[in-house]
Amino acid sequence: MSYRLLKLNSGIVKDITEYAAGKNGPFYIDSNLVRFRNGYPTKIGGWEQEIYYDNIDTTNAVTAQGAPKNAIFWRSDTDGEDRIALGTHSHLYIINNGVLHDITPLRKTSTNLSNPFVTQQNSTTITITDTSHDARNGDFIVIEQATAVGGISADTLNRIEGYSITYIDANSYSIESPTQASSGATGGGTGVDIKYLIGRDEKMNIESADTATGWGVGTWGQSTWGTARNIVSDNIALEATQWSLQLWGEDLLANNRGGQIYYWDTSGGETNRAALVSSIAGSSDVPTKNRTINISFPDRHLIVGGTTTIGTTNLDPMLVRFSDQEDFTNFTPTATNTSGDQRLEVGNKIISIIPTKDETFINTDEACYGMNFVGPPFTFAFRLLAVNCGAIAINGSISVDGNVYWIGKSNFFVYNGSVQELPCTVKYFVFNRIQQRFIDKTFVGQNKKFNEITWYYVSEDNVQGSVNPDPDSYVTYNYAENTWVVGALNRNVWLDAQGFKLTPFAFDGDAKLYNHETGTSDNGNAMNCFIESGELEIDETGNRTFLIDKLVPDATMTSDTSLNIEFKCKKYPNGTEVTKGPFTVTSTTEKVSTRAKGRQIAIKYSSNGTNDDWSIGDFRINATEDSFR
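Let me sum up the structure you'll find in this document. This is a predicted model, so every value here is computed, not measured. (Residues numbered from 1 in each chain as written. Predicted model: local features only at pLDDT ≥ 70, side-chain atom pairs only at ≥ 80, totals over all residues. Heavy atoms only, no water.)

**Section: the side chain of Thr156**
Here comes step 1: By secondary structure assignment, the location of Thr156 is in helix α2 (residues 154-157).
Here comes step 2: A relative accessible area of 15% places Thr156 in the buried class.
Here comes step 3: If we skip the residues at most four places from it in the chain, Thr156 touches Tyr163, Ser177, Pro178 and Thr179. (Helix = DSSP H or I, 4+ residues; strand = E, 2+ residues; numbered from the N terminus. Buried < 20%, exposed > 50% of the residue type's maximum accessible area, 1.4 Å probe, protein only. Contact = heavy atoms within 4.5 Å.)

Here it is as structure tokens:
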């Protein structure tokens with residue numbers, strides 16, 4: 001038999017058997033850190049960590065606290081500075097010129113407390129007394145003006161990152177110091193200030209949602225039998241902390257799902273914290289509980305989805321309210337402005353709001369709506385676009401070139417004038433792997449250079465198990481080539497290259513910032529990349545067994561790349577698999593001698609170095625008919 005071309009269709013197909021994928025495509029059936037470009041597999045670019053620093057000691061590298069939930073970046077017209085706003089489950093930050101600033105809004109400040117700290121010898125636990133503190137378990141505080149106590153230094157007590165509290169009672173709580181006390185003592189000085197960051201009452205500090213509030217929820221042994229839950233000390237929540245971050249010109253609007261709307265004025269600088277929009281002079285009827293926010297284009301109304309009705313604090317999860325045009329502080333409808341509201345009917349709650357070039361697109365958990373600016377007296381017209389297409393994640397929808405893509409309960413959708421389910425060759429694989437309890441953590445990002453939309457999700461194979469796991473897997477759709485790939489990568493938030501960011505960047509679950517499509521390694525470590533084909537029939541009928549004795553590579557790779565090739569041979573689709581290799585292919589390899597035998601053969605291309613960079617073309621094999629034994 002002469003040489004046979006190993007030419008496969010682009011994309012990964014995982015929802016049929018490996019034999020069917022090889023017979024009917026042939027298709028590739030698995031991948032990691034590989035994309036398709038012009039129909040052929042190629043290794044994706046590497047990534048490098050970008051370090052950011054303490055705003056007091058700019059030589060001290062720091063990491064944001066909390067699991068990242070959302071981010072946005074911009075360049076200010078006023079000072080020309082580049083900024084990233086990062087919302088985690090516990091904080092809101094600004095990163096400016098590589099320096100981290102905490103701008104989390106404050107709930108209250110207690111001033112001039114007198115010796116509020118109690119330490120215990122050889123313990124890291126510090127008990128704090130502050131009468132009627134109104135804090136809840138897990139809330140964050142920042143201590144200022146404290147003096148050393150019990151051998152714990154003033155710098156430790158006054159650290160800028162603050163502390164998470166453990167609730168004791170209405171007048172006291174405890175924190176954990178990074179160092180042990182050398183003695184038991186009471187002290188801290190007579191002028192201690194404690195700043196209370198917004199917390200559980202604003203739906204903060206909720207890294208993961210609970211499935212319910214009844215029997216079995218919470219840790220074993222929590223509270224006592226027959227005792228009602230203490231709302232200030234429990235950690236139960238049906239939805240996790242999630243941020244909506246939007247730009248109003250060069251200023252930041254921020255809303256934590258279920259909480260209020262905050263404003264950060266760039267001109268005030270990073271020493272100022274975000275403040276309530278309702279605290280701005282002249283504000284009127286600003287909603288007090290909100291699921292998500294966005295800004296309509298081009299008419300510039302602040303749109304709030306899932307919010308409170310005027311004059312109440314009752315959240316209606318299906319109510320849309322919008323501010324006066326060009327005034328995000330005024331939500332009072334009058335005959336002379338464009339503020340208003342509209343209740344949607346199909347669904348239980350609004351999930352996300354996405355502006356497009358022609359309208360504002362709204363996802364509920366069951367349907368999607370179009371919101372079109374029509375001007376006074378109605379301001380907006382609402383139309384039901386489709387049902388049974390609900391979204392499942394506040395950050396799982398994205399607008400790309402005027403089209404909206406989103407992840408649903410068990411499939412992917414696109415709105416391009418009409419709502420359509422995206423044909424997906426890995427659908428069952430992905431949705432069977434997603435941990436449903438954490439599906440709301442799914443985050444979608446774009447890589448425009450490669451026409452890619454990627455959803456990062458929490459899988460059943462997550463090494464963190466089911467205790468506050470972060471997204472560990474991804475599924476990517478190439479909207480230009482209409483192909484899908486899958487893989488593993490820990491990324492909570494992803495933003496595409498734009499403006500001053502020349503490459504895409506992302507935050508992982510530990511709030512480390514990485515610049516992607518940079519270099520060929522995982523921040524200096526090996527990238528474990530591979531792509532594997534389905535089981536190819538060596539002849540068209542599949543009746544004969546063949547001996548493969550030669551492989552002729554066709555690949556573009558750098559001089560320091562080592563591409564590994566493995567053959568996986570079978571006589572029957574359900575038979576025993578025999579692996580031959582790996583065989584190493586470099587940029588100068590003309591042929592590889594092998595001895596692989598079977599009716600069907602799968603081929604796996606992989607690399608695991610720090611300098612590897614490759615693209616696969618059309619490999620060929622030489623196969624000779626062999627005995628059946």
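**What about the pairing of strand β48 (residues 563-570)?**
Here comes step 1: Most of β48 is tucked away, with 8 of its 8 residues classed as buried.
Here comes step 2: Residues Leu563, Ile565, Phe567 and Cys569 of β48 are buried on one face, and the alternating residues Asn564, Glu566, Lys568 and Lys570, pointing to the opposite face, are buried as well.
Here comes step 3: Relative to strand β49 (residues 578-585), β48 runs antiparallel, the two sharing 6 bridges. What sits directly across from Leu563, in β49, is Val585. (Pairing = 2+ DSSP bridges.)

**Considerations on the side chain of Thr379**
Here comes step 1: With respect to the helices and strands, Thr379 occurs in strand β32 (residues 379-387).
Here comes step 2: Looking at Thr379, its side chain comes within polar contact range of the main-chain oxygen of Thr338, at 3.2 Å.
Here comes step 3: When sequence neighbours within four positions are dropped, the list of residues in contact with Thr379 reads His301, Phe322, Thr338, Asn372, Phe373 and Val374. (Polar contact = N/O pair within 3.5 Å; in protein donor to acceptor, adjacent residues only side chain to side chain.)

**Comments concerning the sheet that holds strand β25 (residues 290-295)**
Here comes step 1: Strand order in this open sheet of 4 strands is β25-β26-β27-β28, and the pairing throughout is antiparallel. Every other strand in the sheet has two partners, leaving β25 and β28 (340-343) as the edge strands with one partner each. The sheet shows a mean angle of 25° between the axes of neighbouring strands, taken without regard to direction.
Here comes step 2: Alignment of strand β26 (residues 302-308) against strand β27 (residues 315-322), held across 5 bridges, turns out to be antiparallel. (Axes fitted to C-alpha atoms, helices over the stretch in contact; angles between N-to-C directions.)

**Focus on the nonpolar core**
Here comes step 1: Of all hydrophobic cores here, the largest spans 81 residues; its most connected members are Tyr405, Phe412, Trp455 and Phe507.
Here comes step 2: Beyond its immediate chain neighbours, meaning those up to four positions away, Phe507 contacts Tyr52, Pro68, Ala71, Ile84, Leu86, Ile95, Arg491, Asn492, Val493, Lys512 and Leu513. (Core = buried A, V, L, I, M, F, W, Y, C linked by side-chain atoms within 4.5 Å.)

**Some points on the packing of aromatic side chains**
Here comes step 1: Applying the stated rule across the entire model yields 23 aromatic pairs.
Here comes step 2: Here the aromatic rings of Tyr456 and Trp494 are separated by 5.9 Å at their centres, their planes lie at 25°, and the arrangement is stacked. Remark: Trp494 occurs in strand β41 (residues 493-495) and Tyr456 occurs in strand β38 (residues 452-457); sequence separation between them is 38 residues. Each member of the pair, Tyr456 as well as Trp494, is classed as buried.
Here comes step 3: When the ring centre of Tyr196 is taken as reference, the NZ or CZ atom of Lys108 above it lies at 5.3 Å.
Here comes step 4: The residue whose ring lies beneath Arg159 is Tyr163, and the NZ or CZ to ring-centre distance is 3.9 Å. (Phe/Tyr/Trp six-rings, centres within 6.5 Å; stacked < 30°, edge-to-face > 60°. Lys NZ or Arg CZ within 6 Å of the ring centre and 35° of its normal.)

**Topic: the environment of Val277**
Here comes step 1: Mapping Val277 onto the fold places it in the loop between β24 (275-276) and β25.
Here comes step 2: Distance from Val277 to Thr288, taken between C-alpha atoms, is 9.8 Å for residues 11 residues apart in sequence.

**Section: the sheet that holds β24**
Here comes step 1: Read from one edge of the open sheet, 4 strands run β21-β22-β23-β24, paired in antiparallel fashion. Two strands close off the open sheet at either side, each with one partner strand: β21 (243-248) and β24.
Here comes step 2: Where strand β23 (residues 261-264) and β24 come together, 2 bridges link them in antiparallel fashion. Within β24, the residue paired with Tyr262 across the bridge is Leu276.

**Things to note about the pattern of salt bridges**
Here comes step 1: The final tally for this structure, using the stated rule, is 26 salt bridges.
Here comes step 2: As a salt-bridge pair, Lys14 and Asp30 come within 3.6 Å of each other at their nearest N and O atoms. In this pair, Lys14 is assigned in the loop between β1 (3-6) and α1 (18-24) and Asp30 in strand β2 (residues 28-32), connecting sequence segments 16 residues apart.
Here comes step 3: With relative accessibility at 21%, the residue Lys14 sits in the partly exposed group.
Here comes step 4: In this structure, Arg257 and Asp440 form a salt bridge, with 2.6 Å as the shortest nitrogen-oxygen distance. With Arg257 in the loop between β22 (251-256) and β23 and Asp440 in the loop between α3 (427-433) and β37 (443-447), this residue pair connects regions lying 183 residues apart in the sequence.
Here comes step 5: Residue classification places Asp440 among the buried positions, given a relative accessible area of 17%. (Salt bridge = Lys/Arg side-chain N within 4 Å of Asp/Glu carboxyl O.)

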